Amino acid sequence: MNRRQYKWLFLIIPLIALAIWVDLSKQITIPNPFNSQTSLINRNVQTQLGLDLRGGLQVLLEADLPANATVSSGDLSVTRQILESRANALGVSEVVMQVAPPRRIVAEFPGLQDPEQVIASLQQTGLLEFVDMGSTPVAAGTIIQTDYGTSTTSTITTDTPATTTEAPSITPTTDPSATPAPTETPAPTPTIYHTIMTGAALNSVNVQAGQLSGFVIAFTLKSDSATMFADFTGSHINQYLAIVLDKRVISVPSINDQITGGQGIIQGSFTQDSANTLAIQLRYGSLPVPIKVVESRSVGATLGAESVSRSVIAGIIGLLVIIIFMGLYYRLPGLIADVALVTFALICLMLYKLIPVVLTLSGIAGFILSIGMAVDANILIFERLKEELRAGRTLRQAIDLGWKRAWPSIRDSNSSTLITCIILFWFGSTFGASAVKGFALTLALGVGISLFTAIIVTRTFLHVVLDTIKSTEHPRWFGI
Amino acid sequence: MNIIKFRYIYFGISLLVIVPGIIALILWGLPLGIDFTGGSLLEVQFASGQPPAIADVMALYNEMSTSLADISNPLVQPVGTDSLSIRSKEINDALKTQIVAALKDRFGGGQDVTIMNFTQVSAVIGQEIAIRAAGAVALAALAILLYITYAFRGVQHAFRYGTAAIIAMLHDVLVVVGVEAIIGHFLGWQADSLFLTALLTVIGFSVHDTIVVFDRIRENSNLYRRVDYATVVNHSIVQTLDRSINTQLTVMITLLALALFGGASIRHFVIILIIGIFSGTYSSIFNAPPILTVWENKEWRNWFRRKPKTEMI
């Protein structure tokens, strides 16, 4: 009968060794035995701390559309990709962006201290237009109306505005033929200018130092747009062309010559930063869905560091007191349960590093609560064990009965905790409420691992110890 | 030990805690944090170690408040010795920068003013979270009720066990929310998303604890078929009492360690957990099993008779 228990040792011992190895390393590498140049596994297993522990900014973004408008999941994930590339291009590292359906995106910027610029840059819709100004330029900075759909919700998928249908409620055009050929010069009303092409026609965008001072943005056009642009500039020499971003005029160069190479420069009073920001906006295009910030949280790095060290200290103290309590109250089984508890902590930490679980304050709280539940499973078993011993069973019988009888209560109580965890996790995911989600995840993992350690690890070790000491009747060791 | 005999005393003790809580809820309401109401929470640390008086900060906010961005009458609270937390209606980033600059100029004492924390939640989101949280709790209760009814399908009236567990759970929710309302009113605590997490944890723990006792009743009622139900219930409670106390102790140890040595940012969370988990253990011993007895005897028939029933068991 006891031989059956021993087979678990082949799982438990390597698992503990693996857990210690992962817990102690920052990087795990297994070299490929056939090729020394490559490795089979090469993973960074550093513990990942959440924003509340390391400091940083968390922003909850929401589609800025009427409440009844549905946002397609495709649009949302494209928006997330564009936002992520914008954020990465700004030089913010380790940005995490997750879609929280149906209409939200959670963005996390670890270690960020000055979030304003990032948020502003993320929110730009970045609709660039090249607008025909005719012969009378307007001053840079003016907000103008164009015949290109001002609805920021429209996706720029076409190179020319010719096929874009207008949203009538937003920009009523007086021109009944709303689809003029791009090379034609329509008769614009005094306030509505004609858009020749949009940022979608751009092929590449670069920031360059200006010839005199400041910075300029150099662009190249896609080949078909280049032809169209050449035609337009050829027929509008000595007139003005406005470069307009989000309906705001950036610069109004005059057309001196026909531009045939499909290359151009946007001048304006740019600093290096503002030129970079604009270039990023142009490069990554406009968002399929306009967004707004509905929630932002920033945590200073010092506060986070303090929380980490304090929670760790609290966790260690709590664990030590429990270990002492279990040893004093339950004697030999208690000490073995302590070993199982340390195993539990080691495996938890390993899984946090491997999955990886981003640890937040509430995640640590979930872990500490799961320690309580792991101990509870052993307490349930040991109380049964004592009862059976008092009822006059032999030690072996008592151990087997104790586990068997305690199992239904352990199963049912932990199942109900898992049910709660699942609902919490779902609740946390829909809101980007990462605190709730982290708590549910660590608690659920803890409940799962505790079932293994409290039941299998404790029982196996108890049998091993009993076989080693070759004694069967030592009731005092069991706290009776 | 006869716990069932004094069941109405234990119900009374529960009411002694719950009724003041409910009165506090009616009188003052549950003080909700910006996570549920929307608004801004700015926590600033003064390197000089001398934060300004609360009235001064309120005056500053009132001064900077405009009709477009109404931030008048903020709620200012000291945090530790050198920091302030200021709660107001939503402020935009430009305004936040202005406010911090003004705080530094006027009250910084020539030293830096650091933003420790800045949280901004729009009102719509907050309401949505509150509604969905209530939905999550209801869903969890329903799922647990179904699970217990299923897990106890072997005993008579399995549905009663689920219902009694849910009543015990609601008891703990009321204790936690009521205590939060009372403490919140006097100490200025606000229910935030961590409070919600704590509440949901208490729900999980409460049911966890109740099931352990019920499991014993399930087992014993199959063993002692001839014995009076109340006696079986009482016997089961006594048998699981050691376990209940020890588990309670270990969880309390970890929570106390967190409360004493953990950071200030989770102290509120931990204290709510301590109250809720104590209540959870109490209700799993003194409320949930007695409810089963009350139900079995259909005692509500006697509640409003002039003479109380002479034999309680």
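Numbering of residues begins from 1 in every chain and follows the order in which that chain's sequence is written. Lettering for chains starts from A, numbering for ligands starts from 1, and both go in the order in which the items are written. Where totals are concerned, whole chains, interfaces and linings use all residues; where local detail is concerned, this predicted model gives features only for residues with pLDDT of at least 70, and gives and counts side-chain atom pairs only at 80 or more.

1. Overview of the overall build of chain B
Inclusion rule: In this description a helix means any DSSP run of H or I spanning at least four residues, a strand means any run of E spanning at least two, and both kinds are numbered starting from the N terminus. A radius of gyration in this sense is built from C-alpha atoms; the matching globule rule multiplies 2.2 Å by the number of residues raised to 0.38. Residues are called buried when their C-beta atom has 20 or more other C-beta atoms within 10 Å, exposed when it has 12 or fewer, and partly exposed otherwise; all C-beta atoms are positioned from the backbone. The contact criterion used is a C-beta to C-beta distance within 7 Å, with each C-beta placed from the backbone.
For chain B, the count of helices and strands is ten helices and four strands. Relative to a compact globule of 313 residues, whose C-alpha radius of gyration would be 20 Å, chain B shows 25 Å and is clearly more extended. Counting only C-alpha atoms, chain B reaches 80 × 35 × 35 Å along its principal axes. Expressed as a percentage of its 313 residues, the buried residues of chain B come to 47%. Long-range pairs, those at least 24 residues apart, make up 76% of the contacts in chain B between residues at least 6 apart in sequence.

2. Topic: the confidence of the model for chain A
A low pLDDT means the predicted coordinates there should not be read in detail. All names here are of chain A. To keep it simple, the criterion reads: As a per-residue measure, pLDDT tells how confident the predictor is, with possible values from 0 to 100.
Of all residues in chain A, 80% attain a pLDDT of 70 or more, and the chain-wide mean is 76. Element-level pLDDT for chain A is lowest in helix α1 (residues 2-6), with a mean of 65, against a maximum mean of 90 in helix α2 (residues 9-24). With pLDDT under 50 throughout, residues 150-189 is counted as low confidence; its partners more than four residues away or in other chains account for 62 contacts.

3. Points about the interface of chain B and chain A
One frequent convention defines the size of an interface as the accessible area lost when the parts assemble. Let me state the cut-off plainly: Here the nonpolar group is Ala, Val, Leu, Ile, Met, Phe, Trp, Tyr, Cys and Pro; Asp, Glu, Lys and Arg are the charged ones; every other residue, Gly included, is treated as polar. In this description, strands pair whenever DSSP reports at least two bridges between them.
Facing 51 residues of chain B, the contacting portion of chain A comprises 53 residues. By residue number, the principal contributor to the side of chain B that touches chain A is helix α7 (residues 193-223) of chain B, which donates 13 residues. For the side of chain B that touches chain A, the per-class residue count stands at 29 nonpolar, 17 polar and five charged. By the bridge criterion, five bridges tie strand β14 (residues 291-299) of chain A to strand β4 (residues 113-121) of chain B in an arrangement that is antiparallel.

4. Concerning the sheet that holds strand β3 (residues 56-63) of chain A
We apply this condition: In this analysis an axis means a line fitted to C-alpha atoms, helices contributing only their contacting stretch, and an angle means the value between N-to-C directions, from 0 to 180 degrees.
Spatially, the eight strands line up as an open sheet ordered β4(A)-β5(A)-β3(A)-β14(A)-β4(B)-β1(B)-β3(B)-β2(B), and their pairing is antiparallel. A single partner strand is all that each edge strand has here, and the edge strands are β4 (96-100) of chain A together with β2 (75-79) of chain B. Each adjacent strand pair in this sheet contributes to an overall mean axis angle of 20 degrees, direction not counted. Two elements, strand β1 (residues 39-46) of chain B and strand β3 (residues 83-88) of chain B, share six bridges in a ladder whose sense is antiparallel. Paired with B:Leu42 across the bridge in β3(B) is B:Ile86.

5. So, the nonpolar core
Counted only if it meets this: Nonpolar cores are built from buried Ala, Val, Leu, Ile, Met, Phe, Trp, Tyr and Cys residues. These are joined into a set through C-beta atoms within 7 Å.
Counting 166 residues, the largest nonpolar core has A:Ala107, B:Ala165 and B:Phe269 as its most contacted members. No other element matches the 17 residues that helix α9 (residues 361-390) of chain A contributes to this core. If we ignore the near neighbours within four places in the chain, the residues touching B:Ala165 are B:Ile144, B:Ile148, B:Val207, B:Thr210, B:Ile211, B:Phe214 and B:Ala288. Of all hydrophobic cores here, the second largest spans 29 residues; its members include A:Tyr193, A:Phe215, A:Ile217 and A:Ala275.

6. Some remarks on the packing of helix α6 (residues 158-187) of chain B against helix α9 (residues 267-297) of chain B
All names here are of chain B. What counts is decided by this rule: Crossing chirality is assigned from the near helix's rotation relative to the far helix, an anticlockwise turn below a right angle marking it left-handed and a clockwise turn marking it right-handed.
Direction vectors running N to C along α6 and α9 enclose 145 degrees, while the axes themselves pass 8 Å from each other. Between α6 and α9 lies a crossing whose hand is right-handed. Residues Arg160, Ala164, Ala165, Ile167, Ala168, His171, Asp172, Val175, Val176, Val179 and Glu180 of α6 form the contact with α9, whose own contacting residues are Ile272, Ile275, Gly276, Ser279, Gly280, Ser283, Ser284, Asn287, Ala288, Ile291, Leu292 and Trp295. A per-class count over the contact of α6 with α9 returns 13 nonpolar, seven polar and three charged.

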